[in-house]
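Read off the chains here:
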Amino acid sequence: MENKEAGTPPPIPSRERRLQPTLLLATLSAAFGSAFQYGYNLAVVNTVFKSFYNETYFERHATFMDGKLMLLLWSCTVSMFPLGGLLGSLVVGLLVDSCGRKGTLLINNIFAIVPAILMGVSKVAKAFELVIFSRVVLGVCAGISYSALPMYLGELAPKNLRGLLGTMTEVFVIVGVFLAQIFSLQGILGNPEGWPVLLALTGVPALLQLLTLPFFPESPRYSLIQKGDEATARQALRRLRGHMDLEAEVEDMRVEARAERAEGHLSVLRLCALRSLRWQLLSIIVLMAGQQLSGINAINYYADTIYASAGVEAAHSQYVTVGSGMVNIVMTVTSAVLVERLGRRRLLLAGYGICGSACLALTVVLLFQNKVSELSYLGIICVFAYIAGHSTGPSPVPSVVRTEIFLQSSRRAAFMVDGAVHWLTNFIVGFLFPSIQEAIGAYSFIIFAGICLLTAVYIYMVIPETKGKTFVEINHIFAKRNRVKLAEEKKEETIDAGPPTPSPAKETSF
């Protein structure tokens, strides 16, 4: 009775799904090919030596670059990646609808392999322009994969494994960053002779995905809900679930398909104007902006300075950076394991709490370490604590939540908004933080602590726990928060009420 009054359909009994071999291998193929090379490219740019730019310029003009031109070219090299990511996020909606989730990931490999070849030959060609252009194309690749991959994994997974598979995007991003840090060591490929190979390696995961992903099924939700092909969806589910008990999951997709037909296919403009999706849209904007504006880039910027103040020699700081990468991997994997036990909200709140506390402590360290030398060691602890906190919630969990809080009809437009916010805030932080740091120094971390606090408050007040719920059940929770009635609820009320009788007009929730 309570479920009926609340407008929530009674839960359909289903057996808990286990991680079947096909589902596991499909996840590895998709995540390694897309998320891994995204993380690899995030970290590897620092090894593109400025000396290469200077030497190339000297060979062309018989003079070295001045400082302003070098800064301009280096800034372009760094900033082109998030700019390309923004472009990729704007086209991903068209691709996932027309080519499917798996098809989009396969096509996207072109944007990884071509720039890998260009960067690999840039030194021989004596053209640093190839590196800058390749960074734009790799950004487009990252922008597409950052949205298409969580969508694909979230739709492949049963509801009891959705959190685990959803965090695989961030797990493989972090693994990519870590391996890039290893390969970038001066004794391996981080030297004038090895960096072209280092940059070219970004094409290897894409090539492996091209060879393996075609053997795995398309998203069954895409096949049934958007293409209306229930036979293909059932065939995919049999491969992914490993047993014939599929009726509960197919019925859940049918319910979502009916909801989509009632709601209609949404564009970005309609998504922004629709009251029934107001809190969902605002939530992904807050989660994505909070992820980038909470200070992670500032921590990376300050890390070497903090290590140096603690007595770590410049030649050894690269090994401390590798240590922080290990912390990142361990905590991200821990989050992936715990997300289905503790839930999304707890990990997000704990992560932002740790990050905010670390930012406040780091402010004190940076202000007083010249007077109290022992505080410099606390600075290293703060950096590692912040990385652990960010890897617990703010980094991996939003990839899960953004898939869960939208139905199939609105997910494409939502991911376009989500990706645009992610890359735009990434670009803004990279562009403005050096100026902010120069103006207010260590006090900038107070701003980041404040952003962590505000984001945590929003999560606590607005975002519900989605663990173990179907997409339709989550949609009903947000419908109450948006104070609207869903189309199927209004249809049920009309049937229950019988023939209409004359009555005074009343203002509805719309």
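Throughout what follows, the structure given in this document is the object of discussion. Because the structure is predicted, anything quoted here is derived from the model rather than measured.

Focus: the overall build of the chain
- Regarding its fold elements, the chain presents 25 helices and zero strands.
- For the chain, the residues scored as buried account for 55% of the 510 residues in total.
- When contacts within the chain are restricted to residue pairs at least 6 apart in sequence, those whose partners lie at least 24 apart make up 83%.
- Surface accessibility of the chain: about 22400 Å² in total, with carbon and sulfur atoms responsible for 66%.

A look at helix H4 (residues 67-98)
- Compared with the 46 Å implied by 1.5 Å per residue over 32 residues, the 47 Å span of H4 between its first and last C-alpha is a close match.
- Where H4 bends most, at Val 91, the angle is about 40 degrees.
- One side-chain oxygen at the N-terminal end of H4 lies 2.8 Å from the backbone nitrogen of Leu 69; it belongs to Asp 66.
- Two residues or fewer past H4, Gly 100 is found with a positive phi of approximately 85 degrees.

Considering the packing of helix H19 (residues 344-368) against helix H23 (residues 444-461)
- Their axes nearest at 8 Å, the elements H19 and H23 cross at an angle of 165 degrees. It follows that H19 is roughly antiparallel to H23 by the angle criterion. When the axes of H19 and H23 are compared, the crossing they make is left-handed. Contacts from Arg 345, Leu 348, Leu 349, Tyr 352, Cys 355, Gly 356, Cys 359, Leu 360, Leu 362, Thr 363 and Leu 366 in H19 reach Phe 445, Ile 446, Phe 448, Ala 449, Cys 452, Thr 455, Ala 456, Ile 459 and Tyr 460 in H23.
- For the contact of H19 with H23, the residue count by class is 16 nonpolar, three polar and one charged.

As for the environment of Arg 411
- Secondary-structure assignment places Arg 411 in helix H22 (residues 408-440).
- Counting along the chain gives 260 residues from Arg 411 to Met 151, while the straight-line C-alpha distance between them is 8.2 Å.
- Residues within four places of Arg 411 in sequence aside, it is in contact with Met 151, Glu 155, Glu 256, Thr 403, Phe 406 and Phe 471.

Points about the pattern of salt bridges
- Throughout the structure, instances matching the rule amount to 15 salt bridges.
- The shortest N-O distance in the salt bridge between Glu 129 and Arg 60 comes to 2.6 Å. With Glu 129 in helix H7 (residues 129-156) and Arg 60 in helix H3 (residues 50-61), the pair connects residues that are 69 residues apart, well separated along the chain.
- Here Arg 60 falls in the partly exposed class, since its relative accessible area comes to 40%.
- Among the salt bridges present, the one from Asp 252 reaches Arg 221, with a minimum N-O distance of 3.4 Å.

Conventions and cut-offs
Residues numbered from 1 in each chain as written. Predicted model: local features only at pLDDT ≥ 70, side-chain atom pairs only at ≥ 80, totals over all residues. Heavy atoms only, no water. Helix = DSSP H or I, 4+ residues; strand = E, 2+ residues; numbered from the N terminus. Buried < 20%, exposed > 50% of the residue type's maximum accessible area, 1.4 Å probe, protein only. Contact = heavy atoms within 4.5 Å. Areas by Shrake-Rupley, 256 points an atom, 1.4 Å probe, with all protein chains shown as cover. Expected span 1.5 Å × (residues − 1). Bend = angle between axes of the 7 residues up to and from the residue. Polar contact = N/O pair within 3.5 Å; in protein donor to acceptor, adjacent residues only side chain to side chain. Axes fitted to C-alpha atoms, helices over the stretch in contact; angles between N-to-C directions. Parallel < 35°, antiparallel > 145°, perpendicular 65-115°, else oblique. Left-handed = near helix turned anticlockwise from the far one by under 90°. Nonpolar A, V, L, I, M, F, W, Y, C, P; charged D, E, K, R; others polar. Salt bridge = Lys/Arg side-chain N within 4 Å of Asp/Glu carboxyl O.

Don't take any of this as a statement about function, it's just geometry.
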